[in-house]
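Architecture and fold: a report
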Amino acid sequence: EIDLMQPESTLICVLDPWFHQAQVERLASRNIRSYALDLVPRTTRAQSMDVLSAMGGISGYRAVLNGAMALPRYFPMLMTAAGTIHPARVLVIGAGVAGLMAIATARRLGAVVEAYDLRPEAREQVESLGADFIEITVPEQASEGEGGYASAQSDAFYKAQQEQLADCVARSDLVITTAAIPGKPSPRLVTRDMIHRMKRGSVIVDLAAERGGNVEGTVMNEKVDVDGVTLVGHVDHPSRVPVHASQLLTRNITGFLMNMTEDGRLAPPADDDIVQATRVTDNGEVVHDGLREAFGQPQAAQTEEETA
């Protein structure tokens, strides 16, 4: 498809450039200016263009529905003539957009919900949705990276996190993991030993399956059994809600495009923080500094216009 595009044309899409070096370099060699919507910074001004947040909300919603369908029990507490049915326990790991939507959906279905996020400031959001926030003591380290996305942590951090999460995972009927780091494989949060402690029939939905998964044993786009626990590794959840996913994506692209137009013509402002964060290729080369570093290329020289 890249070879079918005209030189000097502009491409705006979810490019996933960190994991598609060959395509990015091909765009540059074809002299195509490209912008990656998945690099939109999580700032107030860019909220209407934030594709990852829009699609993340759908993924969190679908994760709970998938988990509920795979779980051999009810979510809500029911009092019947035959006795009381206790509510399902749901653990959500990661209280970003997808995690918060998962919490809200599980609560609406009647589950008892716990949630964990390495950012202390997430507590207020978690509790506002009626879930209990889990406190875990881990080595202090920056929890938020550049652009409002999660940052990678040390091996010691993840080890301490796993040890303290083990009891929470063991008592849960459904676990939903949402931890993803831009440009890197998904951090391993749930080990095989932790799964072994869960009740048979429990379910784990791994929303990070596309990048190796947060759960040991996850298989992308498959549902597998590990020690009697069902691991759901489906990806591309937004395609399963196509009507609203398409509406949201259209609004994201429209907002992004309008930010780069002047008098009805495409005129990307060089000093705009959103344009700078998302521009991947231009003038026949890869211009995104982070990608150039990842690809082993020297930093791009600034033009006189950008320097000014």
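Definitions and limits used
- Residues numbered from 1 in each chain as written.
- Predicted model: local features only at pLDDT ≥ 70, side-chain atom pairs only at ≥ 80, totals over all residues.
- Heavy atoms only, no water.
- Helix = DSSP H or I, 4+ residues; strand = E, 2+ residues; numbered from the N terminus.
- Buried < 20%, exposed > 50% of the residue type's maximum accessible area, 1.4 Å probe, protein only.
- Contact = heavy atoms within 4.5 Å.
- Polar contact = N/O pair within 3.5 Å; in protein donor to acceptor, adjacent residues only side chain to side chain.
- Core = buried A, V, L, I, M, F, W, Y, C linked by side-chain atoms within 4.5 Å.
- Pairing = 2+ DSSP bridges.
- Axes fitted to C-alpha atoms, helices over the stretch in contact; angles between N-to-C directions.
- Salt bridge = Lys/Arg side-chain N within 4 Å of Asp/Glu carboxyl O.
- Parallel < 35°, antiparallel > 145°, perpendicular 65-115°, else oblique.
- Left-handed = near helix turned anticlockwise from the far one by under 90°.
- Nonpolar A, V, L, I, M, F, W, Y, C, P; charged D, E, K, R; others polar.
- Right-handed = clockwise from strand over helix to strand, strands pointing away.

Bringing the environment of Arg123 into the picture now. Position of Arg123 relative to the elements: it lies in helix α4 (residues 122-128). A relative accessible area of 27% places Arg123 in the partly exposed class. Along the backbone, Arg123 and Ala179 are 56 residues apart, and their C-alpha atoms lie at a distance of 16 Å. In contact with Arg123, not counting residues within four places along its chain, are Phe133 and Glu135. Within the structure, Arg123 has its side chain in polar contact with the side chain of Glu135 (distance 2.2 Å).

The subject of this paragraph is the nonpolar core. Membership of the largest hydrophobic core comes to 26 residues, with the highest contact counts inside it found for Phe75, Val90, Ile103, Val113, Val126, Ile176 and Val205. Put simply, the parts of the chain that give this core at least two residues each are α2 (51-70), β5 (89-93), α3 (97-108), β6 (112-116), α4, β8 (174-177) and β9 (203-206). When residues of this core are assigned to their parent elements, the largest contribution, five residues, is made by α3. Counting residues in hydrophobic clusters, the runner-up holds 25 residues, among them Leu165, Val169, Val175 and Ile195.

Next up on the list: the sheet that holds strand β1 (residues 10-13). Judged by pairing direction, the sheet is mixed, and its four strands sit side by side in the order β1-β2-β14-β15 without closing on themselves. If you trace the sheet from one side to the other, it starts and ends with β1 and β15 (285-286), each paired once. Contacts from helix α1 (residues 21-29) reach β1, β2 (33-36), β14 (279-282) and β15, with the element oriented near 40 degrees to β14.

Here we take up the sheet that holds strand β10 (residues 223-226). Overall, mixed pairing links the seven strands, which are arranged β7-β6-β5-β8-β9-β11-β10 in an open sheet. Lying at the two open borders of the sheet, with one neighbouring strand each, are β7 (132-133) and β10. Of the strand pairs in this sheet, β9 and strand β11 (residues 229-232) are connected by three bridges, and their pairing is parallel. Looking across to β11, one finds that Val205 is bridged to Val232. This element, α2, spans β8, β9 and β10 of the sheet and lies at about 155 degrees to β9.

Counted according to the given criterion, the structure contains 17 salt bridges. The partner of Glu127 in a salt bridge is Arg123, and the shortest N-O contact between them spans 2.8 Å. Of this pair, Glu127 and Arg123 both sit in helix α4, four residues apart, which is roughly one turn of that helix.

So, about the side chain of His288. Inspection of the secondary structure puts His288 in the loop between β15 and α9 (289-294). The class for His288 is buried, based on a relative accessible area of 13%. A polar contact of 3.5 Å, which involves the side chain of His288, links it to the backbone oxygen of Ala277. Within the structure, the side chain of His288 is placed 3.2 Å from the backbone nitrogen of Gly290, a separation counted as a polar contact. Those residues in contact with His288 that sit more than four places away from it in its chain are Trp18, Leu39, Ala277, Arg279 and Val280.

Time to look at the environment of Glu222. With respect to the secondary-structure elements, Glu222 resides in the loop between β9 and β10. Overall, the relative accessible area of 41% leaves Glu222 in the partly exposed class. Along the backbone, Glu222 and Met194 are 28 residues apart, and their C-alpha atoms lie at a distance of 20 Å.

Between α2 and helix α7 (residues 242-258), the least distance of the axes is 9 Å, while the angle of their chain directions is 170 degrees. By the angle between their axes, α2 is roughly antiparallel relative to α7. The way α2 lies across α7 gives a crossing that is right-handed. Counting all contacts with α2, which are made through Val51, Ala54, Met55 and Ile58, the residues of α7 involved are Ala245, Leu248, Leu249 and Asn252. Of the residues contributing to the contact of α2 with α7, the split by class is seven nonpolar, one polar and no charged.

This part takes up the environment of Ile204. Along the chain, Ile204 turns up in strand β9. In this structure, the C-alpha to C-alpha distance between Ile204 and Val175, residues 29 residues apart in sequence, is 4.6 Å. Aside from chain neighbours lying at most four places away, what touches Ile204 is Val175, Val190, Ile195, Met198, Val215, Val229, Thr230, Leu231 and Val232.

So, about the pairing of β1. Two elements, β1 and β2, share four bridges in a ladder whose sense is parallel. The residue bridging Cys13 from the neighbouring strand is Ala36, located in β2. Where the polypeptide runs from β1 across α1 and back to β2, its parallel neighbour, the crossover connection is right-handed.

This is a description of form; function is not addressed.
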